[in-house]
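Spelled out from the first residue to the last, the chains are:
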Amino acid sequence: MAIKITVPKAPRAPVLPPDMTPCFTLIQDQFPKIGEKIALMWGSVLLQQYLSKIIFDERGGRQGFPMPVVSALMRLYDYHGTLLPEPKAGDDWEHVV
């Protein structure tokens, strides 16, 4: 009897403009789990919330990221924010953003 083992595939990297690709690559190379989460959540409001939490740590007592990684995270945060629709006044989903 043969046992079939399936290994989950890593999420695909988001499609980025050429000037943003190095940011994602840097994060993925130095912090693979964060790169995986970015790829999984790309295109959702949840990614904006996640990036905000890891860029602006409110818990304190943490070492933090190297400056090139912080810069890359902030650039991805800003770029990704431009892809999301603006909430409209009275929109039921306004509280999510």
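Shown above is the structure to which this text applies.
The model shown is predicted, which means the values in this text are computed figures rather than measured ones.

Novice: Sorry if this is basic, but what is going on with the nonpolar core here?
Specialist: Where a protein is soluble and globular, its nonpolar side chains tend to be buried together. In this structure, Ile27, Ile34, Ile38, Tyr50, Leu51, Leu73 and Leu76 are the most contacted members of the largest nonpolar core, which totals 18 residues. When residues of this core are traced back to their parent elements, those giving at least two are helix H1 (21-30), helix H2 (32-41), helix H3 (45-55) and helix H4 (67-83). Looking at this core, the element that brings in the most residues is H3, giving five residues. Here Leu51 is in contact with Ile38, Leu73, Leu76 and Tyr77, once residues within four sequence places are set aside.

Novice: I keep staring at H2 and nothing clicks. Help me out?
Specialist: An α-helical turn contains 3.6 residues, so a residue and the one three or four places further along point in the same direction. Here H2 has its buried residues at Ile34, Gly35, Ile38, Ala39 and Met41. Next to the buried residues of H2 lie H1, H3 and H4. Gly43 sits one or two positions beyond H2 and adopts a positive phi of about 95 degrees.

Thresholds applied
- Residues numbered from 1 in each chain as written.
- Predicted model: local features only at pLDDT ≥ 70, side-chain atom pairs only at ≥ 80, totals over all residues.
- Heavy atoms only, no water.
- Core = buried A, V, L, I, M, F, W, Y, C linked by side-chain atoms within 4.5 Å.
- Buried < 20%, exposed > 50% of the residue type's maximum accessible area, 1.4 Å probe, protein only.
- Helix = DSSP H or I, 4+ residues; strand = E, 2+ residues; numbered from the N terminus.
- Contact = heavy atoms within 4.5 Å.

No statement about biological role is implied by the geometric values presented.
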